[in-house]
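Observations on chain architecture
Residue-level listing of the chains:
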Amino acid sequence: MSFLGFGNSQPQLTSEQKISAAETELDLVTDMFNKLVDNCYKKCINTQYTEGELNKNESACLDRCVAKYFETNVKVGENMQQLGQTFTNAGKF
Amino acid sequence: MDALNAKEQQDFQKLVEQKQMKDFMRLYSSLVERCFTDCVNDFTSSKLTNKEQTCILKCSEKFLKHSERVGQRFQEQNAAMSQGLNR
C-alpha cells in the first residue's frame, strides 16, 4: 500500500520504524476519509431529512464530490511541488 | 514499502483494531451531535417530540448511507490513484 509516495523507505528499518510508518499512512488515509465524509455531507445532503434514503440528487452529488476531492488533492500536490521547485531554484542564485 | 513480517503484521493489526474502536466512538458521538443540531430545536419540553424522533431516525439512516456511499467511491478513487502511481 502506498499513498502520496510514502513507502519508498530505506532498507534496514527496525520493526518499530516500519510499524510506525504504516501507522502514519493509515492515519493519513483515515483522516482524509473523515474529512471527505464531513465535507461532502455539508455540500450534498439536504438536512430537512424528508427521507432516510439518499435521493438521486444527493447520490449524484456525492459521487462527484468524492471525485473532485481527489482531484483537488492531486492539484494542490502539484501546485505545492511547483512552489517548492521555485523556492529551491531561487536558492541557487 | 518493506513488507511487514508476520510478527510486525500482528502488532500492526492490534493497532488497527484499537484505532477502529476509537473511530467507531468518534463516529457515534459525531452522529449524535449532527442529528441533535439538525433535528432538536424545541425546548418547551424535556422529552423528544415525535417529529424530532422521526427526524433523528432519518438523520441517522441518511448519514450511515452517506458514509457507506462515500466509502465505496473513496476506495475506487484510491485504487485508481495507486494504479496510476505504479505505472
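Just above sits the structure.
The structure contained in this document is the topic of the report that follows. (Residues numbered from 1 in each chain as written. Chains lettered and ligands numbered in written order. Predicted model: local features only at pLDDT ≥ 70, side-chain atom pairs only at ≥ 80, totals over all residues. Heavy atoms only, no water.)

1. Re the overall build of chain B
- Looking only at helices and strands, chain B has 2 helices and 0 strands in total.
- Computed over the C-alpha atoms, the radius of gyration of chain B is 20 Å, more than 25% above the 12 Å expected from 2.2 N^0.38 for a compact globule of 87 residues.
- The principal-axis extent of the C-alpha atoms belonging to chain B is close to 60 × 30 × 15 Å.
- Counting only residues that meet the buried cut, chain B has 25% of its 87 residues in that class.
- About 6,400 Å² of surface is accessible on chain B, with carbon and sulfur atoms providing 55% of the total.
- The averaged location of the 12 negative side-chain charges in chain B is 4 Å from the averaged location of its 14 positive side-chain charges. (Helix = DSSP H or I, 4+ residues; strand = E, 2+ residues; numbered from the N terminus. Rg over C-alpha atoms; globule rule 2.2 N^0.38 Å. Buried < 20%, exposed > 50% of the residue type's maximum accessible area, 1.4 Å probe, protein only. Areas by Shrake-Rupley, 256 points an atom, 1.4 Å probe, with all protein chains shown as cover. Lys, Arg positive; Asp, Glu negative; His and termini not counted. Charge placed at Lys NZ, Arg CZ, Asp CG, Glu CD.)

2. Describing the overall build of chain A
- Per the secondary structure count, chain A includes 2 helices and 0 strands.
- Sorting the 93 residues of chain A into buried and exposed places 26% on the buried side.
- For chain A, the accessible area works out to roughly 6,500 Å², and carbon and sulfur atoms hold 55% of it.

3. Looking at the interface of chain A and chain B
- Tallying the contact residues gives 43 residues for chain A and 34 residues for chain B.
- Taken together, both faces of the contact between chain A and chain B bury some 3,600 Å²; the carbon and sulfur share is 65%.
- Inspection of the chain A/chain B interface yields 9 salt bridges.
- Taking the shortest distance from any N to any O, the salt bridge between Glu 51 of chain A and Lys 62 of chain B comes out at 3.7 Å.
- Where chain A touches chain B, the interface holds 17 residue pairs in polar contact (both at pLDDT 80 or more). (Contact = heavy atoms within 4.5 Å. Buried area = accessible area lost by both parts, 1.4 Å probe. Salt bridge = Lys/Arg side-chain N within 4 Å of Asp/Glu carboxyl O. Polar contact = N/O pair within 3.5 Å; in protein donor to acceptor, adjacent residues only side chain to side chain.)

4. Focus on the packing of aromatic side chains
- Counted by the stated rule, this structure contains 4 aromatic pairs over all chains.
- Judged by centre distance (5.5 Å) and plane angle (55°), the rings of Phe 70 of chain A and Phe 74 of chain B are tilted. Of this pair, Phe 70 of chain A sits in helix α2 (residues 56–91) while Phe 74 of chain B is found in helix α2 (residues 50–86), placing the two residues in two different chains. The residues Phe 70 of chain A and Phe 74 of chain B share a single accessibility class, namely buried.
- A ring pair is formed by Phe 36 of chain B and Phe 43 of chain B, whose centres lie 6.4 Å apart and whose planes are at 50°; its orientation type is tilted. (Phe/Tyr/Trp six-rings, centres within 6.5 Å; stacked < 30°, edge-to-face > 60°.)

5. What about helix α1 (residues 6–39) of chain B?
Residue and element names in this part refer to chain B.
- For α1, built from 34 residues, the straight-helix expectation of 50 Å at 1.5 Å per residue is met to within 8% by its first-to-last C-alpha distance of 48 Å.
- Turning to α1, its buried residues are Glu 8, Phe 12, Val 16, Leu 31, Arg 34, Cys 35 and Cys 39.
- Measuring from the side-chain oxygen of the N-cap residue of α1 to the backbone nitrogen of Lys 7 gives 3.1 Å; that N-cap residue is Asn 5. (Expected span 1.5 Å × (residues − 1).)

6. Section: the state of the cysteines
- Evaluation of the coordinates by the stated rule reveals 4 disulfides over all chains.
- Through a disulfide, Cys 44 of chain A is tied to Cys 61 of chain A; the S-S separation comes to 1.9 Å. Disulfide Cys 44 of chain A to Cys 61 of chain A: torsion about the S-S bond roughly -75°, handedness left-handed. On the criterion of sequence distance, the pair formed by Cys 44 of chain A in helix α1 (residues 15–44) and Cys 61 of chain A in helix α2 is long-range, its members being 17 residues apart.
- A disulfide bridge connects Cys 39 of chain B with Cys 55 of chain B, and the sulfur atoms are separated by 2.0 Å. Because the torsion about its S-S bond is -70°, the bridge between Cys 39 of chain B and Cys 55 of chain B counts as left-handed. Here the residue Cys 39 of chain B occupies a position in helix α1, and Cys 55 of chain B occupies one in helix α2, the gap between them amounting to 16 residues.
- What makes Cys 55 of chain B buried here is its relative accessible area of 13%. (Disulfide = S-S within 2.5 Å.)

7. Quick word on the layout of surface pockets
- There is about 360 Å³ of room inside the second largest pocket.
- The wall of the second largest pocket is formed by 17 residues, among which Phe 33 and Val 37 of chain A together with Asp 23, Ser 67 and Gly 71 of chain B lie closest to the centre.
- With 8 residues, α2 of chain B is the largest single contributor of residues to the lining of the second largest pocket.
- A per-class count over the lining of the second largest pocket returns 5 nonpolar, 7 polar and 5 charged. (1 Å grid on protein atoms, 1.4 Å probe; cavity = no way out; pocket = protein on both sides within 12 Å on 5 of 7 lines; lining within 4 Å. Points joined across faces, edges and corners; volume = space filled by probe spheres on them. Nonpolar A, V, L, I, M, F, W, Y, C, P; charged D, E, K, R; others polar.)

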